[in-house]
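# Per-entry structural report
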Amino acid sequence: MPLRPLNLGELIDGAFTTIQRYPKIMLGMSAIVMTAVTLLSFLAFSVAGLTSFANATPEEIARMSDAAWLGVFAATIGVLLASWIGGIILTGMITVTVARGVLGQSMTVREAWDGCRPHLPRLLGLSLVLGLTVALAIILLIVVVAFGFAIQVGLGVVLLLAALGVGIWGGIVVWARTAAAVPALVLEIRPPQHPGEAPQRLGIVAALQRSWTLIKGRTGRTFGTLLVASIIAGIVGTVVQTAFSFLSAGVWAGIDEATTADPFSLEYGLLPLAIMSIGYVASAVLQVAFLSGVNALLYVDARMRKEGLDIELAQAAAGHHSGTVWTTR
């Protein structure tokens, strides 16, 4: 990528180029993690009896025991937790890879993992803080609207419209202004304040503050970039998953149209189900890799625009820069 402030096309192209240059990390590791999550999903739902639940009649569902419902709930929570952790791991590794890529340097899977591993607890904490903040904000808006309807319908309608406006505006601002939090947390080093002290990594709050400062003044532009990137990722993912869905449906219909076997049974549905799973994994891999790359490049672009990081990156790429270029300003 050019070592200067980037436009929208260069940010999108940079993310795709990173995928092409580091396929083992961007696609290979993503595929391994997402495949593991998918297999865990099948295992958890099979143990919980969700396959039989999916084909049950309304009467059978009504007769399901509390223990069966608890098993389905536990399996769902377990799968969501595994997906969340897997996504965090991939985001950290891809961020490290993009940081090396802007300098034109090679990166192995082992190096990406070694660079990501020390930050995993803080990455999980950052994701949890953002998730809880959004959830609490939504709950607060719901409570306010419900309180308004309890007093008077007209007041409730007014508060509902206001809550929708505040929620949309707040979501846009938070999404854009925290876009650089993960790269800041993974990459940046805070210089020692006193002689003899060791450099320190940013904490969760410091990373959020850092991102808020870097994106300040470019919230609209950052939101637009994230929106376009999300639409592109969604289109690519949908195309891939739809292709595999059609293939799975064709295989499913061609095995035995007249069979009455359980579609989830090994003798009937294993191959179509495997094809569907491959499509899901391929779609998720492409989306995670691409969006994580865009976020990392947004951080680099913000620092090049605000702090002249492009000069330090050029010096580092040429071997004339001593130390790390990711020191916090």
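Residues numbered from 1 in each chain as written. Predicted model: local features only at pLDDT ≥ 70, side-chain atom pairs only at ≥ 80, totals over all residues. Heavy atoms only, no water.

### Concerning the overall build of the chain
Rule in force here: Labels follow the DSSP assignment, with helices taken as runs of H or I lasting at least four residues and strands as runs of E lasting at least two, numbered in each case from the N terminus. In this description, contact between two residues means that some pair of their heavy atoms is separated by no more than 4.5 Å. For the area figures, the Shrake-Rupley method with a 1.4 Å probe applies, and any residue is considered shielded solely by the protein chains shown.
The helix and strand tally for the chain stands at 13 helices and two strands. Taking contacts inside the chain between residues at least 6 apart in sequence as the whole, the part at least 24 apart equals 75%. Accessible surface computed for the chain: about 17,400 Å², of which carbon and sulfur atoms make up 71%.

### Points about the pattern of salt bridges
The line we're drawing: Should a side-chain nitrogen of Lys or Arg be within 4 Å of a carboxyl oxygen of Asp or Glu, the pair is scored as a salt bridge. Partly exposed describes any residue whose relative accessible area lies between the buried limit of under 20% and the exposed limit of over 50%, with all areas from a 1.4 Å probe on protein chains only and scaled to the type maximum.
Considering all chains together, one arrives at 10 salt bridges under this definition. In this structure, Arg221 and Asp301 form a salt bridge, with 3.2 Å as the shortest nitrogen-oxygen distance. Linking Arg221 in helix 11 (residues 219–255) with Asp301 in helix 12 (residues 266–307), this pair joins segments that are 80 residues apart in sequence. Residue Arg221 is classed as partly exposed on the basis of its relative accessible area of 29%. A single salt-bridge network, built from bridges that share partners, covers Glu188, Arg210, Arg303 and Glu307.

### Let's talk about the packing of helix 8 (residues 153–177) against helix 10 (residues 204–215)
What counts is decided by this rule: Comment: axis = line fitted to C-alpha atoms, over the contacting stretch for helices; angle = value between 0 and 180 degrees taken between N-to-C directions. Geometric relationships in this document are graded by angle, where less than 35 degrees denotes roughly parallel, more than 145 denotes roughly antiparallel, 65 to 115 denotes roughly perpendicular, and other angles denote oblique. Ten residue types, Ala, Val, Leu, Ile, Met, Phe, Trp, Tyr, Cys and Pro, are classed as nonpolar, four, Asp, Glu, Lys and Arg, as charged, and the remainder, Gly among them, as polar.
Running from amino to carboxyl end, helix 8 crosses helix 10 at an angle of 100°, the nearest separation of the two axes being 8 Å. On the basis of their axis angle, the class for helix 8 and helix 10 is roughly perpendicular. Packed against helix 8, whose contacting residues are Val173, Val174, Ala176 and Arg177, the element helix 10 presents Ser211, Trp212 and Ile215 at the interface. Residue composition of the contact of helix 8 with helix 10, grouped by class: five nonpolar, one polar and one charged.

### Description of the nonpolar core
Put simply, the test is: Only buried residues count toward a nonpolar core. Its members are Ala, Val, Leu, Ile, Met, Phe, Trp, Tyr and Cys residues joined through side-chain atoms within 4.5 Å.
One finds Val102, Phe290, Tyr299, Val300, Leu313 and Trp326 to be the most contacted residues of the largest nonpolar core, which totals 55 residues. Among the elements that line this core, the one with the most residues is helix 12, at 10 residues. Residues contacting Phe290, with those up to four places away along its chain left out, are Ile12, Ala15, Phe16, Ile19, Ala229, Ile232 and Ala233. Membership of the second largest hydrophobic core comes to six residues, among which are Val33, Leu90, Val281 and Ala284.

### What to know about the environment of Met34
Inspection of the secondary structure puts Met34 in helix 2 (residues 23–48). Overall, Met34 belongs to the buried group, its relative accessible area being 8%. As a C-alpha pair, Met34 and Ile278 span 244 residues in sequence and 9.8 Å in three-dimensional space. Non-local contacts of Met34, meaning those with residues more than four positions away in its chain, are made with Leu90, Tyr280, Val281, Ala284 and Val285.

### Things to note about the layout of surface pockets
Basically, it comes down to this: Whether a set of points on the 1 Å grid over the protein atoms alone is a cavity depends on a 1.4 Å probe fitting there but being unable to get out, while an open set qualifies as a pocket with protein on both sides within 12 Å along at least five of seven lines; lining residues are those with an atom within 4 Å of a point. Grid points are joined across faces, edges and corners, and a volume is the space filled by probe spheres set on the points.
Of the volumes computed, that of the largest pocket is approximately 830 Å³. Every residue lining the largest pocket is counted, 29 residues in all, and those nearest its centre are Ile88, Thr91, Val182, Ser292 and Asn295. When residues of the lining of the largest pocket are traced back to their parent elements, those giving at least two are helix 5 (66–101), helix 7 (120–151), helix 8, helix 9 (181–187), helix 11 and helix 12. If one sorts the elements of the lining of the largest pocket by residue count, helix 12 sits on top with eight residues.

### Focus on the confidence of the model for the chain
Inclusion rule: Think of pLDDT as the predictor's per-residue confidence, scored from 0 to 100.
Averaged over all residues, the pLDDT of the chain is 83; the fraction at 70 or higher stands at 84%. Within the chain, helix 10 carries the highest mean pLDDT (94), whereas helix 3 (residues 50–54) carries the lowest (54).

### A word on empty space enclosed by the protein
This model, assessed by the stated rule, comprises one cavity of 30 Å³ or more. In this structure, the largest cavity occupies an estimated 40 Å³ of space. If you go around the largest cavity, the residues you meet are Ile215, Arg218, Arg221, Thr222, Leu298, Asp301 and Ala302. Within the residue set of the lining of the largest cavity, elements represented by two or more residues are helix 11 and helix 12. Partitioned by chemical class, the residues of the lining of the largest cavity number three nonpolar, one polar and three charged.

### Things to note about the packing of aromatic side chains
Describing an aromatic ring pair means giving the distance of the ring centres and the angle of the ring planes. Cut-off, in case you're wondering: Aromatic rings from Phe, Tyr and Trp, with only the six-membered ring used for Trp, were paired whenever their centres fell within 6.5 Å, and each pair was classed as stacked if the ring planes differed by under 30 degrees, edge-to-face if by over 60, and tilted otherwise.
Scanning all chains against the criterion turns up three aromatic pairs. Ring centres 6.1 Å apart and planes at 35° place the aromatic pair Tyr299 and Trp326 in the tilted group. Residue Tyr299 is found in helix 12, and its partner Trp326 is found in the segment after helix 13 (309–317); the two are separated by 27 residues along the sequence. According to the relative accessible area criterion, Trp326 is buried, its value standing at 9%.

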